[in-house]
Amino acid sequence: MVDRVLHLADEEGLSVIAELWATAASDSVAGALWRLYAMRTWVYRQPAQAAQEFAAGKRFAPVSEVLAGVIDPPGPNEVIALVDTVVRGIVASDFDVTLERAAAFATITGVGRAHLEIEDPKSAARLVDMAKALHRAAELERSGKLH
């Protein structure tokens, strides 16, 4: 299933998945999946930027760094490998861990983006908001309330 959705996202673009899930509440399975695929698409489009932001943010969030699981030093190939591993974890029995790993990655890159003072400061805040939503979804999944 994940391979089919990834293929759809890669071949048809994120807009196809956006039509299905982008308006879903962040505390729903569809909302969590949307955030995972949006993050994956961004990393694939800008792996060097994602790696740079992760490297800049990791010293401010060492616990999140361990949870995210990016190889050190994080290069473009390493952040791509991470998002692929995280997205493939969707069908595993530990979906909450998948969501936590994605939240950790989003937290670190958001903090890194803020410290690098990227042109759009709101984009760092959006990544941190995404991280909070993914973390909340993980909590709901653990309690059996993510629907």
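Description of the structure in this document.

About the cut-offs
- Residues numbered from 1 in each chain as written.
- Predicted model: local features only at pLDDT ≥ 70, side-chain atom pairs only at ≥ 80, totals over all residues.
- Heavy atoms only, no water.
- Helix = DSSP H or I, 4+ residues; strand = E, 2+ residues; numbered from the N terminus.
- Buried < 20%, exposed > 50% of the residue type's maximum accessible area, 1.4 Å probe, protein only.
- Contact = heavy atoms within 4.5 Å.
- Polar contact = N/O pair within 3.5 Å; in protein donor to acceptor, adjacent residues only side chain to side chain.
- Axes fitted to C-alpha atoms, helices over the stretch in contact; angles between N-to-C directions.
- Parallel < 35°, antiparallel > 145°, perpendicular 65-115°, else oblique.
- Left-handed = near helix turned anticlockwise from the far one by under 90°.
- Nonpolar A, V, L, I, M, F, W, Y, C, P; charged D, E, K, R; others polar.
- Expected span 1.5 Å × (residues − 1).
- Phe/Tyr/Trp six-rings, centres within 6.5 Å; stacked < 30°, edge-to-face > 60°.
- Lys NZ or Arg CZ within 6 Å of the ring centre and 35° of its normal.

## Regarding the overall build of the chain
Link 1 in the chain: Along its length, the chain carries 8 helices and 0 strands.
Link 2 in the chain: Counting all 147 residues of the chain, 50% fall into the buried class.

## What to know about the side chain of Glu 53
Link 1 in the chain: Mapping Glu 53 onto the fold places it in helix α4 (residues 47-57).
Link 2 in the chain: The residues contacting Glu 53, other than those within four sequence positions of it, are Trp 42, Ile 108, Thr 109, Gly 112, Arg 113, Leu 116, Ile 118 and Leu 127.

## A look at the side chain of Ser 123
Link 1 in the chain: Of note, Ser 123 is situated in helix α8 (residues 121-142).
Link 2 in the chain: Polar side-chain contacts of Ser 123 include one of 3.3 Å to the side chain of Arg 113.

## Here we look at the packing of helix α3 (residues 29-45) against helix α6 (residues 76-88)
Link 1 in the chain: Put simply, α3 and α6 touch, their axes get as near as 9 Å, and they point 160 degrees apart. Here α3 is positioned roughly antiparallel relative to α6, judged by the angle of their axes. The two elements α3 and α6 meet at a crossing, and its hand is left-handed. Contacts between α3 and α6 involve Leu 36, Tyr 37, Arg 40, Val 43 and Tyr 44 from the first element and Val 79, Ile 80, Val 83, Asp 84, Val 86 and Val 87 from the second.
Link 2 in the chain: By residue class, the composition of the contact of α3 with α6 is 9 nonpolar, no polar and 2 charged.

## Thoughts on helix α7 (residues 95-116)
Link 1 in the chain: For α7, with 22 residues, the first-to-last C-alpha span of 31 Å sits near the 32 Å given by 1.5 Å per residue.
Link 2 in the chain: Within α7, 16 of the 22 residues are buried, which leaves it mostly tucked inside the rest of the structure.
Link 3 in the chain: Directly beyond the C-terminal end of α7, a positive phi value near 55 degrees is found at Glu 117.

## A word on the environment of Ser 123
Link 1 in the chain: A residue is classified by how much of its surface remains accessible, and Ser 123, at 9% relative accessible area, is buried.
Link 2 in the chain: Of the polar contacts made by the side chain of Ser 123, one reaches the backbone oxygen of Asp 120; its length is 2.7 Å.

## Topic: the packing of α3 against α7
Link 1 in the chain: Interhelical geometry of α3 versus α7 gives an angle of 50 degrees and a closest axis separation of 11 Å. With respect to their mutual orientation, α3 and α7 come out oblique. In the packing of α3 onto α7, the handedness of the crossing is left-handed. Across the interface between the two elements, Ala 32, Leu 33, Leu 36, Met 39, Trp 42 and Val 43 of α3 pack against Phe 95, Thr 98, Leu 99, Ala 102, Phe 105, Ala 106, Thr 109 and Arg 113 of α7.

## With respect to the packing of aromatic side chains
Link 1 in the chain: This model, assessed by the stated rule, comprises 3 aromatic pairs.
Link 2 in the chain: Plain terms: the ring middles of Phe 54 and Phe 105 are 5.6 Å apart, the flat faces sit at 20 degrees to each other, and that makes the pair stacked. Separated by 51 residues along the polypeptide, Phe 54 in helix α4 and Phe 105 in helix α7 bring together distant segments of the chain. No difference in accessibility class separates Phe 54 from Phe 105, as the two residues are buried.
Link 3 in the chain: By way of ring pairs, the aromatic residues Trp 42, Phe 54 and Phe 105 are connected into one cluster.
Link 4 in the chain: One residue, Arg 40, lies across the ring of Tyr 44, its end atom 4.3 Å from the ring centre.

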